[in-house]
Amino acid sequence: AAKRAGRNRTVLFEPSMHEQALARVDTERQLREALREEQFTLHYQPVMHLPSGRCVGFEALVRWQHPQRGLLAPGAFLDIAERSGLIVPLGAWVLREAARQLREWQGEADLAGLFVSVNLSGQQLQVPAGTPDDLLTVSFPDGLHLEITETSLADTPEALRAMRALERRGVPLMLDDFGTGFASLSAAQRFPVGTLKIDRSFVSPLPGDARQTAIVASVVTLARHMQLNVVAEGIETAEQAQAVTDLGCTFGQGFLFSRPLPAAAAAAFARSRPLGTARPFGGTGT
Ligand code: C2E
Ligand code: MG
Ligand code: MG
Ligand code: MG
């Protein structure tokens, strides 16, 4: 400990070093420790069937219970996790934990039909087959979906092979932040996805002018023709919910319905808007 304090003191008196770079190295060291000590937790944001108001599933979102800084959202550490490669073991942890939680919920009759989606980093698709963090070594319960953004998807043979392997295993894939990349249409065509998630930046301006409305209307039409589910992200107001529903969007998530919640609170939320025997979130169809 004395040694570590000494090193920190040196750092303080070294004006030529960039504070940002230091903070990054420090966060990286803390991230490694956090992985060892399991300081991460998942929050679950409800996904709603808009016409009926039922909760159909959750998106799992990682949080870091930092010993000094409190509960941190991904914006505070994901970038460093990506750059250091720590996103690979972190992502593997997220996947195992989400699968464990989903199996637990599937043991309860009133929660059994819900899905849980997990965000993937493109780096997780580049892991060599058969090594410890290889996605395909995970056993995926029914109802576990994966979300991937176009921008994080490296267009490599490995990534495509991994996605095809996941498809063969029947793991549903969602294209996240749809519309924010330069080649969203091409991504929807090339990758075996079953759901488009319309980015919040298209939902926020609604109800808006004709141009803003046309984008969402077009995505919904595209999805219908491709037999994909479509989820509107970041719905904050009743007017936005009405607008996306009027445009034919079947599913939505956002602060209007619920913020991401710890598992027990998420389960309570779902029970208050029960799915019953309805299964609106199928593999195909909007
Ligand atoms: P995302 O996958 O697009 O997730 C949605 C983000 O929008 C979440 O932020 C959520 O809390 C926030 N959000 C949901 N509804 C609303 C709303 O109505 N208004 C506003 N303003 N925001 C809303 P969060 O949890 O901070 O996550 C940010 C991003 O971090 C995620 O964006 C995702 O790309 C990434 N992420 C989260 N968890 C993981 C993970 O386990 N692995 C990886 N690789 N990435 C993750
Ligand atoms: Mg997501
Ligand atoms: Mg998203
Ligand atoms: Mg987003």
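The structure displayed is predicted, hence computed values, not measured ones.

Conventions used here
Residues take numbers from 1 onward in each chain, read along the sequence in its written order. In the order they appear in the text, chains get letters beginning with A and ligands get numbers beginning with 1. It should be noted that, the model being predicted, local features are given only for residues of pLDDT at least 70 and side-chain atom pairs only at 80 or more, the latter also being counted only at that level, while totals for whole chains, interfaces and linings use all residues. Side-chain measures here rest on the full set of heavy atoms in the structure, leaving out hydrogens and waters. Residues are counted as near a molecule or strand when any one of their heavy atoms sits within 4 Å of it. Whenever two N or O atoms come within 3.5 Å, that pair is a polar contact, provided that in protein one can donate a hydrogen and the other can accept it, and provided that, for residues adjacent in sequence, both atoms are side-chain atoms. A run of H or I in DSSP becomes a helix once it reaches four residues, and a run of E becomes a strand once it reaches two; helices and strands are each numbered from the N terminus. Coordination partners: N, O, S within 2.8 Å of the metal, 3.2 Å for Na, K and Ca; water not considered, so apparent gaps in a site are possible. Residue burial is assigned from relative accessible area. The probe radius is 1.4 Å, only protein chains are included, and a residue is buried under 20% of its type maximum, exposed over 50%, and partly exposed in between. What the arc describes is the spread of directions from the helix axis to the C-beta atoms. Note on contacts: a residue pair qualifies if any of its non-hydrogen atoms lie within 4.5 Å across the two residues. Whenever Lys or Arg places a side-chain nitrogen within 4 Å of a carboxyl oxygen from Asp or Glu, that contact is recorded as a salt bridge. Centre distance within 6.5 Å is the pairing criterion for rings of Phe, Tyr and Trp, where only the six-membered ring of Trp is used; planes under 30 degrees apart are then read as stacked, over 60 as edge-to-face, and the remainder as tilted. Should the NZ of a Lys or the CZ of an Arg lie within 6 Å of a ring centre and within 35 degrees of the ring normal, that charge is described as sitting over the ring.

Undergrad: Just checking my understanding: could you explain the site of ligand 1 for this structure?
TA: Taken together, 24 residues lie around ligand 1, and Arg63, Asn119, Asp176, Glu236 and Phe255 are the ones closest in. One of the side-chain N or O atoms of Arg200 is found 3.2 Å from a nitrogen atom in ligand 1. Interatomic distance of 2.8 Å between a backbone N/O atom of Phe255 and an oxygen atom of ligand 1. It is strand E2 (residues 54-66) that provides the largest number of residues to the shell around ligand 1, a total of four residues.

Undergrad: I keep staring at the coordination of the magnesium ion (ligand 2) and nothing clicks. Help me out?
TA: Each pair of donors in an ideal octahedron of six around a metal sits at 90 or 180 degrees, and each pair in an ideal tetrahedron of four sits at 109.5 degrees. Glu59 (OE), Asn119 (OD1), Glu147 (OE) and Asp176 (OD) make up the full set of protein donors to the magnesium ion (ligand 2), lying at 2.0 to 2.2 Å. One chain supplies every donor for the magnesium ion (ligand 2), spaced along it as E-x59-N-x27-E-x28-D. Glu59 gets classed as buried once you look at its relative accessible area, which sits at 4%. Judged by relative accessible area, which is 28%, Asn119 ranks as partly exposed.

Undergrad: Would you take a moment to explain helix H9 (residues 238-246) for this structure?
TA: All buried positions along H9 are accounted for by Gln240, Ala241, Ala243 and Val244. Mapping the buried residues of H9 onto a view down its axis gives an arc of 165°, with all of them on the same face. Looking at the buried positions of H9, the neighbouring elements they touch are helix H7 (200-203) and strand E8 (229-232). Positioned one or two residues after H9, Gly248 has a phi angle of 95°, which is positive.

Undergrad: Just to check I follow, could you spell out the pattern of salt bridges for this structure?
TA: Pairs may arise between side chains of opposite charge once their charged atoms sit close together. Summed over the entire model, instances satisfying the criterion amount to eleven salt bridges. With its nearest N and O atoms 2.8 Å apart, the salt bridge here joins Asp79 to Arg83. Here Asp79 and its partner Arg83 are both found in helix H3 (residues 78-84), four residues apart, which amounts to about one turn of the helix. For Glu104, the salt bridge is made with Arg100, and the minimal N-O distance between the two is 2.9 Å. Residue Glu104 and its partner Arg100 are located together in helix H4 (residues 87-106), separated by four residues, close to a single helical turn. Given the relative accessible area of 41%, Glu104 is considered partly exposed. The class of Arg100 is partly exposed, set by a relative accessible area of 39%. Through salt bridges with shared partners, a single network forms among Asp26, Arg29 and Glu33.

Undergrad: Looking at this model, I keep getting lost on the packing of aromatic side chains. Mind explaining?
TA: The relation between two aromatic rings is expressed through the spacing of the ring centres and the mutual angle of the planes. Inspection of the entire model under this criterion finds nine aromatic pairs. Summarising the aromatic geometry, the rings of Phe40 and Phe77 are spaced 6.0 Å apart at their centres and angled 50° between planes, so their arrangement reads as tilted. With a gap of 37 residues between them, Phe40 in strand E1 (residues 40-49) and Phe77 in the loop between strand E3 (70-72) and H3 connect regions that are remote in the sequence. By the burial criterion, Phe40 is buried, and Phe77 matches it. Through a chain of ring-to-ring contacts, the aromatic side chains of Phe40, Trp64, Phe77 and Trp93 assemble into a single cluster. Sitting over the ring of Phe255, Arg259 keeps its end group 3.8 Å from the ring centre.

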